[in-house]
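Notes for the structure review
Given next are the chains, with one letter for each unit.
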Amino acid sequence: MSYLPQILFVLCLSIAGFFIYKRVNFIRKAILLGKKKSVNDRKSERLRHMLLLAFGQKKMFDKPLVGVMHFIIYAGFLIINIEVLEIVLDGITGAHRLFAPYLGEAYSWLINLFELFAVGVIVTCVIFLIRRNVLKLPRFWSAEMKKWPRLDANLILIFEITLMWFFLSMNAADSILQSRGVEHYVQVGSFWFSQWLQPLFANMQTSSLVFYERFAWWFHILGILGFAIYITYSKHLHIALAFPNTYFASLEPKGKIPNMDEVTKEVKIALGLAQADDSPAPERFGAKDVTDLNWIQLMNAFSCTECGRCTANCPANITGKKLSPRKIMMDTRDRAEEFVRQLEQGKAIEEIKSEKSLYGDYITKEEIMACTTCNACVEACPVSINPLSIILDIRRYVAMEAGDTPNEWNVVFNNLETSMSPWKFPPTDRFNWVELVNKD
Ligand code: SF4
Ligand code: SF4
């Protein structure tokens, strides 16, 4: 009977592990819907980029105050994981404060540090809730931030506050139990911040206090397991995906628009610079659906924090156009998820593709045509997401497969074909105006 809590704990841990595994596998399938793209170059530069942006949160410090607040939540999350390790081991072994005898004095310092971050996380989360819901920062209230995305952002902040509260109040109850000499409660003394909560529990009977301490302990750890599952369904997946996302991000200058390999090959063959081979013709030029994008573009979509910095900096959006680069990423993720769900229901890929597509059902022509290709969204993104690359691939589909480009573009395309220049005259005539000026 005395092993019951441990058995229950291991059961909870296993259930959480199962759900996390299932969801991670689902996301993996969604990302692998994308085309293969191998990235093996400039490894040390990529590592540095990842450490600076994902680990060091470099771009968040463009606005120092917000950067510091994000850092507190992020560091709190990382550091408190050490405390979670002790809780998990306590849960499995039935011990209490397992690390205390081994760490001696350092143990109290460590718990004090956790408490410092716990308080920092509570204060920061309250400020973020006020920013979102009272001050109503415009980027958190735009068209795509309704229903679930808005609820998700608030839920996670409330979740974090609740977890930190139970951590601090558990420590406060624990300290009182230690002072009463209750068996099982290791003597580690009071802690810097939770001692201020002790008056709330001081008059409670020992049995009630033990009940509260155990309740807070279970709530804290079950909350963390629930949080770990929830993260995989939420925009907070970026906590993990920001690392590979920044590593595999393009290191090319932002203004460089990559050529299409399929077209480059055809042009080279036409100019006699390459030999024709018998490799199959590309299935499609550009992207109509998620399966036409590459896996890095799909990983981008799952890494999006929905922070809206891209949209807040997008000139098309600022001037009232329908385009929002954040929505492009959210739509891509939603379509990829829908695609995998239908695959899991047993539908064939072709059937799924024939029923709906990313372009048309999620992203409209009006949106992608509003893009100025300025790269402001790419520059603004704290985790190196590139909404422009998806917009360009869809535009390529619209131009090269759907033949649905605006008339103004068609004129340019015709001129390029006939005059090798965007204008009606050949490039050799480009400087004729100089002669006219000299004549005058
Ligand atoms: S590249 Fe396009 S989507 Fe990105 S900020 Fe510029 S106009 Fe907006
Ligand atoms: S693409 Fe980047 S900047 Fe835009 S909402 Fe997502 S994380 Fe934020």
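Everything quoted here is computed from the prediction, not taken from an experiment.

**Some remarks on the site of ligand 2**
- Neighbouring ligand 2 are Cys304, Thr305, Glu306, Cys307, Gly308, Arg309, Cys310, Arg326, Met329, Cys381, Pro382 and Ile385.
- When contributions to the shell around ligand 2 are tallied by element, the ones reaching two or more residues are α12 (309–313) and α14 (325–344).
- Residues that form the shell around ligand 2 fall into these classes: seven nonpolar, two polar and three charged.

**Digging into the site of ligand 1**
- Neighbouring ligand 1 are 13 residues; Cys314, Cys371, Cys374, Asn375 and Cys377 lie closest to it.
- Partitioning the shell around ligand 1 into residue classes produces 10 nonpolar, three polar and no charged.

**Re the nonpolar core**
- In terms of nonpolar packing, the biggest core is built from 52 residues, with Phe302, Leu323, Ile368 and Ile394 touching the most fellow members.
- Ranked by residues supplied to this core, first place goes to helix α19 (residues 387–402) with seven residues.
- Split by domain, the residues of this core number at least three in each of domain 1 (3–234) and domain 2 (258–400).
- Aside from chain neighbours lying at most four places away, what touches Leu323 is Cys314, Ala316, Asn317, Ile328, Glu367, Ala370, Cys371 and Ile391.
- Residues Ile73, Leu163, Val182 and Ala216 belong to the second largest nonpolar core, which totals 46 residues.

**Brief notes about the domain arrangement of the chain**
- Segmenting the chain into domains produces domain 1 (3–234), domain 2 (258–400) and domain 3 (406–439).
- A C-alpha centroid distance of 31 Å is found between domain 2 and domain 3.

**A look at the UniProt feature "transmembrane region" (unreviewed entry) in the chain**
- Under the UniProt annotation, "transmembrane region" (unreviewed entry) lies at residues 6–24, 65–89, 109–130, 151–168 and 215–233.
- Between the C-alpha atoms that bound residues 215–233 there is a distance of 27 Å. The span itself is 89% helix and 0% strand.

**Considering the packing of helix α1 (residues 4–31) against helix α3 (residues 64–93)**
- In contact at an axis separation of 7 Å, α1 and α3 are set at 130 degrees when each is read in the N-to-C sense. Between α1 and α3, the interaxial angle falls into the category oblique. Contacts between α1 and α3 involve Gln6, Phe9, Val10 and Leu13 from the first element and Ile87, Val88, Gly91, Ile92 and Thr93 from the second.
- A class-by-class count of the residues in the contact of α1 with α3 yields six nonpolar, three polar and no charged.

**So, helix α2 (residues 43–55)**
- For α2, spanning 13 residues, the distance from its first C-alpha to its last is 17 Å, which sits close to the expected 18 Å at 1.5 Å a residue.
- Of the positions making up α2, those classed as buried are Arg46, Met50, Leu53 and Ala54. Within α2, the buried residues cover an arc of 90 degrees as seen down the axis, which keeps them to one side. Among the exposed residues of α2, those pointing more than 90 degrees away from its buried face are Ser44 and Arg48.
- For α2, the secondary structure elements touched by its buried residues are α3 and α9 (238–247).
- Just downstream of α2 lies Gln57, where phi reads positive at about 55 degrees.

**Structural notes on the packing of α1 against helix α11 (residues 295–303)**
- The geometry of α1 relative to α11 is characterised by a closest axis approach of 8 Å and an angle of 135 degrees between their N-to-C directions. On the basis of their axis angle, the class for α1 and α11 is oblique. Residues Ile27, Ala30 and Ile31 of α1 form the contact with α11, whose participating residues are Trp295, Leu298, Met299 and Phe302.

Basis of the calculations
- Residues numbered from 1 in each chain as written.
- Chains lettered and ligands numbered in written order.
- Predicted model: local features only at pLDDT ≥ 70, side-chain atom pairs only at ≥ 80, totals over all residues.
- Heavy atoms only, no water.
- Near = heavy atom within 4 Å.
- Helix = DSSP H or I, 4+ residues; strand = E, 2+ residues; numbered from the N terminus.
- Nonpolar A, V, L, I, M, F, W, Y, C, P; charged D, E, K, R; others polar.
- Core = buried A, V, L, I, M, F, W, Y, C linked by side-chain atoms within 4.5 Å.
- Buried < 20%, exposed > 50% of the residue type's maximum accessible area, 1.4 Å probe, protein only.
- Domains from an automatic or database assignment.
- Contact = heavy atoms within 4.5 Å.
- UniProt positions renumbered as here; feature names shortened; annotations may be inferred.
- Axes fitted to C-alpha atoms, helices over the stretch in contact; angles between N-to-C directions.
- Parallel < 35°, antiparallel > 145°, perpendicular 65-115°, else oblique.
- Expected span 1.5 Å × (residues − 1).
- Arc of directions from axis to C-beta.

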